[in-house]
Amino acid sequence: MSGPVVVGVVPGQSAQVLDAAADLAAAAALDLSCVFVDVTAYRVDGPAGPRLAPIDPDGVDDTAGLLPESLEKILAAVLRGKGVTWSMERLSGEPAHALAQHAKAIGASLIVVGARERKPSSAIKEFAGGSVARHLVHLQDRPVVVVPVPPDNKDRLTGPGGVTRPVHLKWRFVGLVAAGGVLGALSRYGLGLVIPSPDRWPLPTLIINITGALALGALLEGLARRGPDAGRRRVLRLALGTGFLGAYTTYSTLALDTVHLMTSADLAGAVWYAGATVVGGAVATIAGIWFAARQHRRSLARGRPGDGTVKP
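Residues numbered from 1 in each chain as written. Predicted model: local features only at pLDDT ≥ 70, side-chain atom pairs only at ≥ 80, totals over all residues. Heavy atoms only, no water.

Peer 1: How would you explain the overall build of the chain if you had to name every residue and give the values?
Peer 2: Of the regular secondary structure elements, the chain holds ten helices and seven strands. Looking at the chain as a whole, 38% of its 312 residues qualify as buried. Contacts in the chain between residues at least 24 apart in sequence constitute 76% of all its contacts with a sequence separation of at least 6. Of the roughly 17400 Å² of accessible surface on the chain, 62% is carried by carbon and sulfur atoms. (Helix = DSSP H or I, 4+ residues; strand = E, 2+ residues; numbered from the N terminus. Buried < 20%, exposed > 50% of the residue type's maximum accessible area, 1.4 Å probe, protein only. Contact = heavy atoms within 4.5 Å. Areas by Shrake-Rupley, 256 points an atom, 1.4 Å probe, with all protein chains shown as cover.)

Take a look at the structure:
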């Protein structure tokens, strides 16, 4: 073996995985390449070279940009005294594919990953995305070392203050979105029963999507003008914006209704319906933004600037 040892690392992971990889690299006199695959980002090629940008800028913590730096400091603390030359790479995409591509690019001798831990959250992640180790075995021909992790292991890749995780990995925020989504879906269903559909024309969906766009524009503009996306404002954005209004509006039904109108020989109706939804939704969003901005200016005039940093 002559190539480096590649090890997959994530914030909060058992330090035993990194220890095992470092011991293997030191025993074989190989370098250690620590790879953090950020599933919330994608690669952007620009004039200054490639960089990683968040898939959803609004769904990233204000401190998320510090995560690679803080993780690198934690790795340095764990690997201190191991007698191994190491480096850290931050990649994007599906973890197994990113690790395999990186190992191929640097001519790695082997890849080290941690086994799935025995807890519900790990089981859910594996059910949704599959096992990284299993995928690696099928994606490439290098040896894959899977390090088992005891269920009671408390030695984690976290610093004194911990490592900030993305919003979508925090259960309390996931619960907010889920609760808002249930209420939004029920509201859409109820309105669909109340609003008439003349000649089976999808008027309820049109009204629901336009009113949802209006509410979302007003909500996000109102929150943005009252300060950064943190605390109560983040709770409201996730519960009402992502959760309630995300489930209340329905562009899958828009697509289905449009196809239904087209297959019913009502091409003009399909074009009018799709156009009215898109244009009407854009106008409604702008109207919602204008309304929220106007209300904010009135609050400033009355001497009530809100509860945080204020935009003029």
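Peer 1: So what's going on with the nonpolar core? Residues and values would help.
Peer 2: In terms of nonpolar packing, the biggest core is built from 21 residues, with Val 5, Val 7, Val 9, Leu 18, Leu 32, Cys 34 and Val 112 touching the most fellow members. Elements represented by at least two residues in this core include exactly β1 (5–8), α1 (15–27), β2 (32–38), α2 (67–79) and β6 (110–114). Per-element tally for this core: the top contributor is α1, with five residues. Residues Val 35, Leu 99, Val 113 and Leu 136 belong to the second largest nonpolar core, which totals 13 residues. (Core = buried A, V, L, I, M, F, W, Y, C linked by side-chain atoms within 4.5 Å.)

Peer 1: How would you explain the pairing of β6 if you had to name every residue and give the values?
Peer 2: Sheet faces and side chains relate simply in a regular strand, where the side chains alternate between the two faces. Here β6 lies mainly inside the structure; four of its five residues are buried. The sheet contact formed by β6 and strand β7 (residues 144–147) spans four bridges and is parallel. Each residue of the ladder has a partner; that of Val 113, found in β7, is Val 146. (Pairing = 2+ DSSP bridges.)

Peer 1: Which residues make up helix α7 (residues 203–224), and what values do they have?
Peer 2: The end-to-end C-alpha distance of α7 is 32 Å, a good match for the 32 Å that 22 residues give at a rise of 1.5 Å each. Turning to α7, its buried residues are Pro 204, Thr 205, Leu 206, Ile 208, Asn 209, Gly 212, Ala 213, Gly 217, Leu 219, Glu 221, Gly 222 and Leu 223. Lining the buried residues of α7 we find α6 (171–194), α8 (232–248), α9 (251–263) and α10 (267–301). (Expected span 1.5 Å × (residues − 1).)

Peer 1: Just give me the short version of unusual backbone geometry, but keep the residues and values in it.
Peer 2: Despite not being glycine, Asp 199 has its phi angle at roughly 55 degrees, a positive value. Topologically, Asp 199 is positioned in the loop between α6 and α7. Looking at Asp 199, the relative accessible area reads 81%, which means it is exposed. One non-glycine residue, Arg 200, lies in the positive phi region at around 65 degrees. Along the chain, Arg 200 falls in the loop between α6 and α7.

Peer 1: Break down the packing of α9 against α10 for me, with residues and values.
Peer 2: Geometry of a packed helix pair, given as the angle between the helix axes and the separation of the axes. Contact geometry for α9 and α10: axes closest at 7 Å, N-to-C directions at 160 degrees. It follows that α9 is roughly antiparallel to α10 by the angle criterion. When you trace α9 past α10, the crossing you get is left-handed. The residues of α10 that touch α9, namely those facing Tyr 251, Thr 253, Leu 254, Asp 257, Thr 258, Leu 261 and Met 262, are Leu 267, Gly 269, Ala 270, Tyr 273, Ala 274 and Thr 277. (Axes fitted to C-alpha atoms, helices over the stretch in contact; angles between N-to-C directions. Parallel < 35°, antiparallel > 145°, perpendicular 65-115°, else oblique. Left-handed = near helix turned anticlockwise from the far one by under 90°.)

Peer 1: How would you sum up the sheet that holds β6? Please name residues and give values.
Peer 2: One open sheet accounts for five strands, arranged β5-β2-β1-β6-β7; its pairing is parallel. Taken across any chain shown, the strands that pair with only one partner, and hence form the sheet edges, are β5 (86–92) and β7. Taking each pair of neighbouring strands and ignoring which way they run, the sheet shows an average axis angle of 25 degrees. Both β2 and β5 contribute to a ladder of seven bridges, which runs parallel.

Peer 1: Got a sec to walk through the packing of α7 against α8? Specific residues and values, please.
Peer 2: One way to put it is that α7 packs onto α8 with a least axis distance of 10 Å and a crossing angle of 170 degrees. What the angle tells us is that α7 and α8 run roughly antiparallel. Counted together, Ile 208, Thr 211, Gly 212, Ala 215, Leu 216, Leu 219, Leu 220 and Leu 223 of α7 and Arg 233, Leu 236, Arg 237, Leu 240, Gly 241, Leu 245 and Tyr 248 of α8 form the full contact between these two elements. Classifying every residue of the contact of α7 with α8 gives ten nonpolar, three polar and two charged. (Nonpolar A, V, L, I, M, F, W, Y, C, P; charged D, E, K, R; others polar.)

Purely geometric numbers; function is a separate question.
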